[in-house]
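Chain by chain, the residues:
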Amino acid sequence: MKQISFVSRMISSASRVLNFIKPDMEMTQVQVTANRRYVIDVFRALTMFLMIFVNDLWSLREIPPWLGHVPSSVDGLGLADVVFPMFLFIVGLSIPYAIFNRVKKGDSNASIISHILVRSLALIIMGVYHVNLESYNRELAILPKPVWQIAITVGFFLVWLDFSNYKNPNVKKVCQRLGIVLLIALAAIYRGGTLDEPQWMRFHWWGILGLIGWGYLIVSLLFLWCKGNINWLWVMFSALLSFSIFEKLGWLEGIKFIRPYVWLIDNGALPAICMAGVIVSIYFRDYFAKGKLVSFWSFLVSFAVGNIILGLLTRPLWGIHKIGSSPSWVTLCIGISIFTFMLLIWLVEIQKKKEWFSWIKPAGTSTLTCYLLPYIHYGLLSLSGLTLPLFLRTGGIGIMKSLIYTLIIIMLTGILEKFRIRLKI
């Protein structure tokens, strides 16, 4: 009971602080300044760089444990445990820009909602295919796993390629139809599970892309429903975080029977991170863009420090766990994301060092393409049977190998971008 009372006091105190620092703003009053988005692109590019890097750590040996994921049974935080929530935070940063731009162009709510649904569905579909790669059974399936992996990636490119620069509309129709047929065929021949219990494709979990899709869907619809009003956005953030906290405290046991039918994705934890990014984005536009720097930096520091303190103080209740999305993991990652964003704002917007990040720009502008390319490479590598010598995959040399590999993927993304080969959803 003391723990529950402590958490209740923390939530109440946080609510009073948040009510104190809130700008008054309506959706129609926000000025869209495109140049302010560059720092978000830089943030996205750096995060994708880290994501490709940590995803390649499986190929290494004898590396520092803090680089990877902390085991689910361990209370702690590794570099890899921060990358995914940081990307969710960036999704939140981008949502106000995307929706405000569509409002400025005169799009109706129905049109905006349709766009949100289509984008979310695309990410969820890709996520489901990736999840089923984990239980793919080579002995039962018609195609070898690497071939199926490469084929679904090709299908993604065919369906969601950016066709805006192609003058012939038939190119889009042909490619998308081929892609849809390919993905359906690959789903039809899929076989997973075991020899004793073969399975078809199913929802084991949503995958990284699927979780991003769900987070984007929930938060975008909430943002649209709130009409960008910062007061209501604070309420939504508090509600999402509270849902996660209440679930961990066991307060939602009485309504668990509805979980198979109606439940917030990942207990509200991931949408809470995304909503935190939305709120920071609003303050970035309403304060920083208007030169109210003292108020802006004060807010960011307060929000970041508040989340970190909350995460550390409540750590004894549930620990810091990425798997299971403990509230301490959520709030610590929000704080880390805010401080990272602050550093990038200072470098890019104030010190004008945007050229420092030009070498990773494709990872921020063609992010989905960059994320998917390793799936093709790993598939081809598996089919070839080739592998690097062990000394190139061990310790510090191995880490350098993964860093170089990440740069190569980003460079390849940039080359494909020049040839108008990039995904857009």
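To be clear, the structure that these remarks concern was listed above.
Criteria and thresholds
Residues numbered from 1 in each chain as written. Predicted model: local features only at pLDDT ≥ 70, side-chain atom pairs only at ≥ 80, totals over all residues. Heavy atoms only, no water. Helix = DSSP H or I, 4+ residues; strand = E, 2+ residues; numbered from the N terminus. Rg over C-alpha atoms; globule rule 2.2 N^0.38 Å. Buried < 20%, exposed > 50% of the residue type's maximum accessible area, 1.4 Å probe, protein only. Contact = heavy atoms within 4.5 Å. Areas by Shrake-Rupley, 256 points an atom, 1.4 Å probe, with all protein chains shown as cover. Phe/Tyr/Trp six-rings, centres within 6.5 Å; stacked < 30°, edge-to-face > 60°. 1 Å grid on protein atoms, 1.4 Å probe; cavity = no way out; pocket = protein on both sides within 12 Å on 5 of 7 lines; lining within 4 Å. Points joined across faces, edges and corners; volume = space filled by probe spheres on them. Core = buried A, V, L, I, M, F, W, Y, C linked by side-chain atoms within 4.5 Å. Axes fitted to C-alpha atoms, helices over the stretch in contact; angles between N-to-C directions. Parallel < 35°, antiparallel > 145°, perpendicular 65-115°, else oblique. Left-handed = near helix turned anticlockwise from the far one by under 90°. Nonpolar A, V, L, I, M, F, W, Y, C, P; charged D, E, K, R; others polar. Salt bridge = Lys/Arg side-chain N within 4 Å of Asp/Glu carboxyl O.

A. Layout of the overall build of the protein chain. Summing up its helical and strand segments, the protein chain has 15 helices and 2 strands in all. Relative to the 2.2 N^0.38 estimate, which gives 22 Å for 425 residues, the radius of gyration of the protein chain is 22 Å and therefore close to what a compact globule would have. Along the three orthogonal principal directions, the C-alpha set of the protein chain runs to about 60 × 55 × 45 Å. Expressed as a percentage of the 425 residues in the protein chain, the buried residues total 49%. Intrachain contacts of the protein chain at a sequence separation of at least 6 include 80% that bridge at least 24 residues. Accessible area of the protein chain: about 20,400 Å², with a carbon and sulfur share of 65%.

B. Broad picture of the packing of aromatic side chains. Taken as a whole and judged by the stated rule, the model has 32 aromatic pairs. Arranged with centres 5.9 Å apart and planes meeting at 85°, the rings of tyrosine 129 and phenylalanine 156 form a pair that is edge-to-face. Of this pair, tyrosine 129 sits in helix H4 (residues 109-133) while phenylalanine 156 is found in helix H5 (residues 145-160), placing the two residues 27 residues apart along the sequence. Overall, tyrosine 129 belongs to the buried group, its relative accessible area being 8%.

C. Layout of unusual backbone geometry. For lysine 227, which is not glycine, the phi dihedral falls at a positive 55°. The phi dihedral of serine 325 is positive, around 50°, even though this residue is not glycine. By secondary structure assignment, the location of serine 325 is in the loop between helix H11 (315-318) and helix H12 (327-350). On the basis of relative accessible area, serine 325 is assigned to the buried category, the value being 4%.

D. Looking closely at the layout of surface pockets. Of the voids in this model, the largest pocket is the one considered here, and its volume is about 1,400 Å³. If you go around the largest pocket, you meet 46 residues; those closest to its centre are His115, Arg119, Arg422, Lys424 and Ile425. Secondary structure elements with two or more residues in the lining of the largest pocket: helix H2 (38-55), helix H3 (79-104), H4, H5, helix H6 (169-188), helix H7 (207-226), helix H13 (361-365) and helix H14 (367-384). A total of 10 residues in the lining of the largest pocket trace back to one element, the largest contributor, which is H3.

E. Up close: the nonpolar core. Core analysis: the biggest nonpolar cluster contains 127 residues, and Met126, Met275 and Phe341 have the highest contact counts within it. Here this core gets 15 residues from one element, more than from any other, and that element is H3. Setting aside residues up to four positions removed in sequence, methionine 275 forms contacts with Val219, Leu222, Leu233, Met236, Phe237 and Leu240.

F. Seen up close, the packing of H7 against helix H9 (residues 269-286). At a minimum axis distance of 9 Å, the contact between H7 and H9 shows a crossing angle of 50°. As the angle between them shows, H7 and H9 are arranged oblique. Here H7 and H9 pass one another in a crossing that is right-handed. For the pair H7 and H9, the contacting residues are Leu211, Gly215, Ile218, Val219, Leu222 and Phe223 in the first and Leu270, Pro271, Cys274, Met275, Val278 and Ile282 in the second. Among the residues making up the contact of H7 with H9, the classes are represented as 11 nonpolar, 1 polar and no charged.

G. Geometry of the pattern of salt bridges. Overall, the coordinates contain 10 salt bridges when judged by the stated rule. We note a salt bridge from lysine 290 to aspartate 286, for which the minimum N-O separation is 3.1 Å. For aspartate 286, a relative accessible area of 9% corresponds to the buried category. Sharing partners across several salt bridges, the network here consists of Glu247, Glu253, Lys256 and Arg259.

H. Region of the structure containing the environment of glycine 277. Mapped onto the elements of the fold, glycine 277 is located in helix H9. A sequence separation of 53 residues divides glycine 277 from valine 330, and the C-alpha atoms of the two residues are 12 Å apart. In contact with glycine 277, other than residues within four places in its own chain, are Phe89, Gly92 and Leu93.

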